[in-house]
Amino acid sequence: MSAAAESALPAAGEDHPRYVLRLADTSLVLGQRLCEWVGHAPALEEDLALGNIALDLIGQARLLLAHAGRIEGRGREEDQLAFLRDAPEFYNVALAEQPNGDFGATIVRQALLDAWQLELYHSLTASADERLAEIAAKALKECRYHWRFSCGWLVRLGDGTAESHARAQEALEALWRFTEELITPDALDVRMASLGIAPPLAVVRARWEARIAAALKEATLRQPSSHHYPWHGKSGVHTEHLGHLLGQMQHLQRTYPGVTW
Amino acid sequence: MYTQALDSSGAEPRSPASAGDAERERRFQERIDRDEKIEPKDWMPEAYRQTLIRQIAQHAHSEIVGMLPEGNWITRAPTLRRKVVLIAKVQDEGGHGMYLYSAAETLGVSRGELIEQLLAGRAKYSSIFNYPTLTWADIGAIGWLVDGAAIMNQIPLCRCSYGPYARAMVRICKEESFHQRQGYEIMLTLARGTGAQREMAQDALNRWWWPSLMMFGPSDTESVHTAQSMRWKIKRFSNDELRQRFIDVTVPQAQFLDLSLPDPALRWDEAAQHFITGPIDWSEFQTVLKGHGPCNRERLGARRAAHEAGRWVREAAAAYADKHRDRAGGGAERYAQAI
Amino acid sequence: MNEDWALYEVFIRARSGLEHKHVGSLHAADARMALEHARDTYTRRQEGVSIWVVRSSEIIASDPEEAEALFEPARDKVYRHPTFYSIPDDVKNI
């Protein structure tokens, strides 16, 4: 972004980089989870598909981390942000960090998040942060394909065999409680929306709900009732799983500080 | 990525069954001698078909099992750039496995059958993948040495007499051109890094050098199938020729890294214009090939686990397709288009 | 229970203006999955702008044993090619 465009941004202070990190960390953590599948997928073709999605997500994370680092202005680059922050400084939604489980659980997690990212990035293409809008436009194309993939599988599993239906339903029951965080604004979301940097989450909510309801219907899956613990992954309060994920991801950077790889 | 001359055992090609076959076989050999490609539905001697199925399947299995040792470091890659490169590389190997299984399928065997053979322990794959990846430097060493050895083996296969195999190899070689370079780049970065990084690089080279040389398969004097495979133009160069070529290009690359090769007997032979290594420990090769290497159990175990865990998924997709065969593309198609 | 997916052949148009060309095959349970697998397997390096997939079992192929009967008769029909005809150099635009 040009210096002029940068100074034209509404004064958002600490909020702005923190908001961009939410997006970056969600893509990064979800991509890291998909990496665990490489070499172990149910079919060779699915191995390639999951790898492609992981590549897209980590690619998004790199652009967003670089952008967050730039607007933060403390000289932190993508790898410092990815490898040298501890769990409380990660701002991904808690759903992204949930373990892979079986292929059904991975698909349910993916579909819930793909639909959300798709709607969110769609709105972010109109962000007052021009660079963020550019990144969103690129990510949006990727998210469309991710949703095509995960929604297709959700329907196949839901409407496949009795076993696959049961497994998909069970995964949905287990993960549904993390979805409220995606579509419920907190104070930061509201402040960013008021500056035109982020969309009002109510818009994303309506579109996400419609998309998911239609897909679940096609998949013959039942939408779980809404009993939600208020998760705050995007404020850095996570489930136990994130610490382990980061422990593995960050181990080389932590063991050999400051070297070039 | 990796074929190795594994055909050191298995049935000898049979002699033609009848006079008619002998005539067809003569014409077949003439086609080969004219450098014509053989295509799937063409007549071919049964032994040619079986040799190809075995070699292509071993090659495909090697790609698939080969995803595991490198996949072991994807979640721990030290930078995001290294991570995406490694995912892309391991993913390429999966793709190459697919191309190769497809080529084998044109010979009248299904991928399912070939995978059953692998999981039952009845098929071979390149023994190199039964070695562990213990540090990040192993990812560099594999890219540099293992992919380097594979390229030596694979480039001649682009001219193999069997069309589908040759075409798969052309695609594979094109895609692999970055694999070895990324490996060497990792080694270079480590070799020029801190003391600990250098040590890591040297340790990886020590462990991967000899197994890489073994990738070319047994010495020509021991290799049963070389002569027939060469007549059929499935193979263009002998194991020892390819191995020597690899040694000659790799030794200077190690020197550039300023790392030492774990072979005190290694020397330059001025008269022959070749680097000459000390003797290869073929007993180790045989041990690993027979299933007793450091990771044979883990590798096959991981493949079996993925296959078993994926069965309900494959069944679900097949059941869904059966249910919705009347609707073109299935119901899920409409959702994708509605985006 | 059946867990085998059908074999599909993949054809890719490298860029607009070119025809689709056979690039390989893959396994998929349904047509939509076959398209996705083709995309994920055969266009990772921007190899295409359009994909066709067709079940391999739907392809009807000529028999190599008949190749002579099918293709040899065309060999002596040289008059189908423009170079068969001799026209003086002075005649233009023909």
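The preceding data block contains the structure.
What counts as what
- Residues numbered from 1 in each chain as written.
- Chains lettered and ligands numbered in written order.
- Predicted model: local features only at pLDDT ≥ 70, side-chain atom pairs only at ≥ 80, totals over all residues.
- Heavy atoms only, no water.
- Helix = DSSP H or I, 4+ residues; strand = E, 2+ residues; numbered from the N terminus.
- Rg over C-alpha atoms; globule rule 2.2 N^0.38 Å.
- Contact = heavy atoms within 4.5 Å.
- Areas by Shrake-Rupley, 256 points an atom, 1.4 Å probe, with all protein chains shown as cover.
- Lys, Arg positive; Asp, Glu negative; His and termini not counted.
- Charge placed at Lys NZ, Arg CZ, Asp CG, Glu CD.
- Buried area = accessible area lost by both parts, 1.4 Å probe.
- Salt bridge = Lys/Arg side-chain N within 4 Å of Asp/Glu carboxyl O.
- Polar contact = N/O pair within 3.5 Å; in protein donor to acceptor, adjacent residues only side chain to side chain.
- Buried < 20%, exposed > 50% of the residue type's maximum accessible area, 1.4 Å probe, protein only.
- Pairing = 2+ DSSP bridges.
- Expected span 1.5 Å × (residues − 1).
- Axes fitted to C-alpha atoms, helices over the stretch in contact; angles between N-to-C directions.
- Parallel < 35°, antiparallel > 145°, perpendicular 65-115°, else oblique.
- Left-handed = near helix turned anticlockwise from the far one by under 90°.
- Nonpolar A, V, L, I, M, F, W, Y, C, P; charged D, E, K, R; others polar.
- Phe/Tyr/Trp six-rings, centres within 6.5 Å; stacked < 30°, edge-to-face > 60°.
- Lys NZ or Arg CZ within 6 Å of the ring centre and 35° of its normal.
- Disulfide = S-S within 2.5 Å.

Q: Any details on the overall build of chain B? Residues and values, ideally.
A: On a plain count of helices and strands, chain B comes out with 12 helices and two strands. Moving toward the C terminus, one meets the helices and strands of chain B in the order α-α-α-α-α-α-α-α-α-β-β-α-α-α. Whereas a compact globule of 339 residues would reach a radius of gyration of roughly 20 Å, chain B reaches 22 Å, a difference of no more than 12%. Based on the C-alpha atoms only, the size of chain B along its principal axes is roughly 65 × 60 × 35 Å. Taking contacts inside chain B between residues at least 6 apart in sequence as the whole, the part at least 24 apart equals 79%. Accessible surface, chain B as shown: approximately 13300 Å² in total, 53% of it carbon and sulfur. Both charge centroids of chain B, one from 44 positive and one from 43 negative side chains, sit 5 Å from each other.

Q: Explain the interface of chain B and chain C to me, and be specific about the residues and the numbers.
A: The partner chain C presents 25 residues to the 28 residues of chain B that form the contact. Summing both partners gives a buried area of about 2200 Å² for chain B against chain C, and 48% of it is carried by carbon and sulfur. One salt bridge in this structure joins Arg44 of chain C and Asp92 of chain B, with 2.6 Å as the shortest N-O distance. Summed over the shared surface of chain B and chain C, the number is 10 residue pairs in polar contact (both at pLDDT 80 or more). Of all the elements in the fold, those that place two or more residues in the side of chain B that touches chain C are helix H3 (80-105), helix H6 (163-191), helix H11 (296-323) and helix H12 (332-337) of chain B. Top element by residues in the side of chain B that touches chain C is H11 of chain B. It accounts for eight residues.

Q: Got a sec to walk through the pairing of strand S1 (residues 6-13) of chain C? Specific residues and values, please.
A: All names here are of chain C. Burial analysis of S1 places six of its eight residues in the buried class, which makes it a mostly covered element. The pairing of S1 with strand S2 (residues 20-28) spans eight bridges and is classified as antiparallel. Note that in S2 the partner of Val10 across the bridge is Gly24. Between the end of S1 and the start of S2, which pair antiparallel, lie six residues, with Gly17 showing a positive phi angle near 105°. Where S1 lies against strand S3 (residues 50-55), six bridges are found, and the strand directions are antiparallel.

Q: So what's going on with helix H1 (residues 31-42) of chain C? Which residues, and what values?
A: Residue and element names in this part refer to chain C. For H1, spanning 12 residues, the distance from its first C-alpha to its last is 16 Å, which sits close to the expected 16 Å at 1.5 Å a residue. Counting buried positions over the 12 residues of H1 gives nine, a clear majority of the element. Measuring from the side-chain oxygen of the N-cap residue of H1 to the backbone nitrogen of Arg32 gives 3.3 Å; that N-cap residue is Asp30.

Q: An account of the packing of helix H2 (residues 15-35) of chain A against helix H6 (residues 103-124) of chain A is needed here, citing residue identities and associated values.
A: Residues and elements named next belong to chain A. The contact between H2 and H6 brings their axes to 12 Å, and the two run at 150°. For the element pair H2 / H6, the angle class is roughly antiparallel. As for how H2 packs across H6, the hand of that crossing is left-handed. In this structure, H2 uses Tyr19, Leu23, Thr26, Ser27, Leu30, Arg33 and Leu34 to contact H6, whose residues at the interface are Thr106, Arg109, Gln110, Leu113, Trp116, Gln117, Leu120, Tyr121 and Leu124. Classifying every residue of the contact of H2 with H6 gives nine nonpolar, five polar and two charged.

Q: I'd like to hear about the side chain of Asp248 of chain B, residue by residue, with values.
A: All names here are of chain B. Inspection of the secondary structure assignment puts Asp248 in helix H9 (residues 239-257). As a buried residue without a salt bridge, Asp248 has its nearest oppositely charged side chain in Arg245, at a separation of 7.8 Å. Side-chain polar atoms of Asp248 contact the side chain of His274, separated by 2.4 Å. Apart from the residues lying within four places of it in its own chain, the contact partners of Asp248 are Gln273, His274 and Phe275.

Q: Explain the packing of aromatic side chains to me, using residue names and the numbers behind them.
A: Counting across every chain of the model gives 20 aromatic pairs over all chains. Ring geometry for Tyr48 of chain B against Trp232 of chain B: centres 5.5 Å apart, planes inclined by 85°, an arrangement best described as edge-to-face. One end of the pair, Tyr48 of chain B, is in helix H2 (residues 46-71); the other, Trp232 of chain B, is in the loop between helix H8 (226-231) and H9, and 184 residues separate them in sequence. One exposure class covers both Tyr48 of chain B and Trp232 of chain B, and it is buried. One aromatic cluster is present, formed by Trp37, Phe103 and Trp153 of chain A together with Trp5 of chain C through successive ring pairs. For the cation-ring pair, Arg156 of chain A lies above Trp153 of chain A, with the distance from its terminal atom to the ring centre recorded as 5.0 Å.

Q: How would you summarise the environment of Ala57 of chain B if you had to cite specific residues and measurements?
A: Residue and element names in this part refer to chain B. Tracing the sequence through the fold places Ala57 in helix H2. Taking the C-alpha atoms as reference points, Ala57 and Gln154, separated by 97 residues in sequence, lie 15 Å from one another. Contacts of Ala57, omitting those with residues within four sequence positions, involve Leu52 and Leu114.

Q: Tell me about unusual backbone geometry, and name the residues and values.
A: Even without a glycine there, the phi angle at Gln273 of chain B is positive, about 60°. Mapped onto the secondary structure, Gln273 of chain B falls in the loop between strand S1 (267-269) and strand S2 (274-276). In this structure Gln273 of chain B comes out as partly exposed when scored by relative accessible area, which is 43%. One non-glycine residue with positive phi stands out, namely Asn93 of chain C, at about 55°. Tracing the backbone shows Asn93 of chain C in the segment after helix H2 (67-71). For Asn93 of chain C, a relative accessible area of 85% gives the class exposed.

Q: Account for the pattern of salt bridges, naming residues and giving values.
A: For side chains bearing opposite charge, pairing can occur when the charged atoms are close. Counted according to the given criterion, the structure contains 54 salt bridges over all chains. Here Glu45 of chain A makes a salt bridge to Arg111 of chain B, at a shortest N to O gap of 2.6 Å. With Glu45 of chain A in helix H3 (residues 44-72) and Arg111 of chain B in helix H4 (residues 111-119), this residue pair bridges two chains. Arg111 of chain B carries the same exposure label as Glu45 of chain A, and that label is buried. With a closest N to O distance of 2.6 Å, Lys89 of chain B and Glu70 of chain B form a salt bridge. Of this pair, Lys89 of chain B sits in helix H3 while Glu70 of chain B sits in helix H2; the two residues are 19 residues apart in sequence, bridging distant segments of the chain. Given the relative accessible area of 0%, Glu70 of chain B is considered buried. Each of Arg22, Asp186, Asp189 and Lys234 of chain A takes part in one network of salt bridges that share partners.

Q: Please provide a residue-by-residue account of the state of the cysteines, values included.
A: Evaluation of the coordinates by the stated rule reveals zero disulfides over all chains. Free of any disulfide, Cys158 of chain B has its nearest cysteine sulfur in Cys173 of chain B, 3.6 Å distant.

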